[in-house]
Amino acid sequence: MVKQSIFGRIAQLAKANINAILDQAEDPGMMLDQMVRDYTNSIAEAESAIAQTIGNLRLLEQDYAEDVHNAADWGNKALAASRKADELRAAGNSADADKFDNLAKVALGRQLSAEREARTEEPNIQAQTAVVDQLKAGLDAMRGKLAQLSSKRDELIARSNTVEAQRQVQDAVKSIDLLDPTSELSRFEDKIRREEAKVRGQQELAASSLDAQFEALEASDEQIELDARLAALKAGSPAPRSIAK
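Please read all numbers here as calculations on a predicted model, not as lab measurements. (Residues numbered from 1 in each chain as written. Predicted model: local features only at pLDDT ≥ 70, side-chain atom pairs only at ≥ 80, totals over all residues. Heavy atoms only, no water.)

A short note on the overall build of the protein chain
Across its full length, the protein chain holds five helices and zero strands. Going from N to C terminus, the protein chain has its helices and strands arranged as α-α-α-α-α. A separation threshold of at least 6 residues defines the contact pool for the protein chain, and within that pool the share at least 24 residues apart is 74%. Of the accessible surface of the protein chain, which amounts to about 17600 Å², a share of 55% is contributed by carbon and sulfur atoms. (Helix = DSSP H or I, 4+ residues; strand = E, 2+ residues; numbered from the N terminus. Contact = heavy atoms within 4.5 Å. Areas by Shrake-Rupley, 256 points an atom, 1.4 Å probe, with all protein chains shown as cover.)

Okay, here's the thing in structure tokens:
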């Protein structure tokens, strides 16, 4: 019963469609990890069961070989006893000859029993051999599936890591777009331009103030000359000469 259960599990796992199972899984990565654990455990159980089955087969083969050997041995003993009986009978010793013939019959009976045992064991050995072959084939298929699972898991992990890296890059690109460093540079440039304009304004303001001072000074000189000329007119004296500029 246990043997049949192991064989059925091996057949079921060996025929499993990994891609179909993954398509139905909500989390393929977790599903693959669980499947790898299940396959690994099942393979360990199967190896133990198959080892026991092979051990039982080897015992049957040993018993069969021993029965075959015993049958041949009893056959040789029967032959030896029969020849001895023939020799004694030829020598006129019928009583002892009959004893050896009886020994020959006993040996032949043992030979017959050993041959019967061997014939009984033959179908069991054949059936057990077939089971072992099936179990070995199923175990090899399971190991192949486990290798496929491991490879698929590694592939998915690599793809997952790639997707995660792409997502991080995309998030970084989005954050760069949101921050827009060029706009920050533009604002900084505008600030500098405003500062430069302010400095130019201050320079122009200072320059206009200086011009006004000179103009005021010139206006003051002109007023002085006008006042002097007016005074000269009133006094009847010639107008004073203009101040050379």
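Moving on, there is more to tell.
A look at the side chain of Gln111
As for its placement among the helices and strands, Gln111 is situated in helix 4 (residues 94-179). Residues contacting Gln111, with those up to four places away along its chain left out, are Ala71, Trp74 and Gly75.

Remarks on the pattern of salt bridges
Overall, the coordinates contain seven salt bridges when judged by the stated rule. Where Arg58 meets Glu61, a salt bridge forms, and the shortest distance between an N and an O atom there is 3.1 Å. Here the residue Arg58 and the residue Glu61 both occupy positions in helix 3 (residues 28-90), the gap between them amounting to three residues, near one helical turn. Since its relative accessible area comes to 37%, Arg58 is described here as partly exposed. The partner of Arg89 in a salt bridge is Asp98, and the shortest N-O contact between them spans 2.7 Å. Note on Arg89: relative accessible area 33%, which makes it partly exposed. In this structure, a network of salt bridges that share partners links the residues Glu47, Asp140 and Arg143. (Salt bridge = Lys/Arg side-chain N within 4 Å of Asp/Glu carboxyl O. Buried < 20%, exposed > 50% of the residue type's maximum accessible area, 1.4 Å probe, protein only.)

Notes on the nonpolar core
With 12 residues, the main nonpolar core is built from Leu32, Met35, Val36, Tyr39, Ile43, Ala46, Ile50, Leu135, Leu139, Met142, Leu146 and Leu149. Here the element with the most residues in this core is helix 3; it accounts for seven residues. (Core = buried A, V, L, I, M, F, W, Y, C linked by side-chain atoms within 4.5 Å.)

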